[in-house]
Amino acid sequence: MPKAYWIAFVTVTDPEKYQGYQAHAPAAFAKYKARFLARGGAAETLEGQGFARHVVIEFDSKDAALACYHSPEYQTARAHRTGACIAEIAIVEGMPDAP
């Protein structure tokens, strides 16, 4: 089963309110064994809308990534994120393992 990747582009507009998201989101990511591959760091937008933060999170499967997003733990965190940032999030299935 291929891994999956949660890809997020985020610009925080209310840092104080965003702290609520940062306090709650780790519980969901830990529960679903998420591995952060990129979070923040230097980035250059070459095409499209620019965002301040770029995040790539690896999961064991697309099902696990979707379960994390829809979990009560993440939805609690997401409620704190609403109105605190502009975000675009996608979950993409990785390439199948080579034989």
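The following refers to the structure shown. Only a predicted model underlies this, so the values are computations on that prediction, with no experimental measurement involved.

Describing the overall build of the protein chain
And step 1. Within the protein chain one finds 3 helices and 4 strands.
And step 2. Along the protein chain, helices and strands appear, N-terminal first, in the series β-α-β-β-α-α-β.
And step 3. Over its C-alpha atoms the protein chain spans a radius of gyration of 14 Å, differing by no more than 12% from the 13 Å that the globule rule assigns to 99 residues.
And step 4. Judged by the C-alpha coordinates and their principal axes, the protein chain covers about 45 × 35 × 15 Å.
And step 5. Counting the 99 residues in the protein chain, one finds 31% classified as buried.
And step 6. Excluding contacts between residues fewer than 6 apart, the proportion of contacts in the protein chain whose partners are at least 24 apart in sequence is 78%.
And step 7. With the model as given, the accessible surface of the protein chain reaches about 6300 Å², and the carbon-plus-sulfur share is 55%.
And step 8. Each charge class in the protein chain was averaged separately, 10 positive and 11 negative side chains, and the resulting centres sit 6 Å apart.

Observations regarding the nonpolar core
And step 1. If you look at the biggest cluster of nonpolar residues, it comprises 21 residues, and the most contacted ones within it are W6, Y21, F29, I57, F59 and Y74.
And step 2. Discounting residues that sit within four places of it in the chain, F29 has contacts with W6, Y21, A34, F36, I57, F59, C68 and Y74.

Topic: the packing of helix α2 (residues 62-70) against helix α3 (residues 72-81)
And step 1. Close contact between α2 and α3 brings their axes to 5 Å; oriented N to C, the two are set at 50°. Taken together, the axes of α2 and α3 lie oblique to each other. Of α3, the residues touching α2 (which contributes C68, Y69 and H70) are P72, Y74, Q75 and R78.
And step 2. Tallied by class, residues from the contact of α2 with α3 come to 4 nonpolar, 2 polar and 1 charged.

A word on the packing of helix α1 (residues 15-31) against α3
And step 1. The interhelical angle for the contact between α1 and α3, taken along N-to-C directions, is 165°, at an axis separation of 7 Å. For the element pair α1 / α3, the angle class is roughly antiparallel. Note on packing geometry: the crossing formed by α1 with α3 is left-handed. Listed contacts from α3 to K17, Y18, G20, Y21, H24, A25, A28, F29 and K31 of α1 are E73, Y74, T76, A77, R78, H80 and R81.
And step 2. Grouping the constituent residues of the contact of α1 with α3 by class yields 7 nonpolar, 4 polar and 5 charged.

As for α2
And step 1. Among the residues of α2, those classed as buried are A64, A65, C68 and Y69. One face of α2 carries all of its buried residues, which in axial projection span an arc of 135°. Those residues of α2 that are exposed and angled more than 90 degrees off the buried face are D63 and H70.
And step 2. Buried residues belonging to α2 abut β1 (4-12), α1, β3 (53-59), α3 and β4 (85-93).

Scoring rules and cut-offs
Residues numbered from 1 in each chain as written. Predicted model: local features only at pLDDT ≥ 70, side-chain atom pairs only at ≥ 80, totals over all residues. Heavy atoms only, no water. Helix = DSSP H or I, 4+ residues; strand = E, 2+ residues; numbered from the N terminus. Rg over C-alpha atoms; globule rule 2.2 N^0.38 Å. Buried < 20%, exposed > 50% of the residue type's maximum accessible area, 1.4 Å probe, protein only. Contact = heavy atoms within 4.5 Å. Areas by Shrake-Rupley, 256 points an atom, 1.4 Å probe, with all protein chains shown as cover. Lys, Arg positive; Asp, Glu negative; His and termini not counted. Charge placed at Lys NZ, Arg CZ, Asp CG, Glu CD. Core = buried A, V, L, I, M, F, W, Y, C linked by side-chain atoms within 4.5 Å. Axes fitted to C-alpha atoms, helices over the stretch in contact; angles between N-to-C directions. Parallel < 35°, antiparallel > 145°, perpendicular 65-115°, else oblique. Nonpolar A, V, L, I, M, F, W, Y, C, P; charged D, E, K, R; others polar. Left-handed = near helix turned anticlockwise from the far one by under 90°. Arc of directions from axis to C-beta.

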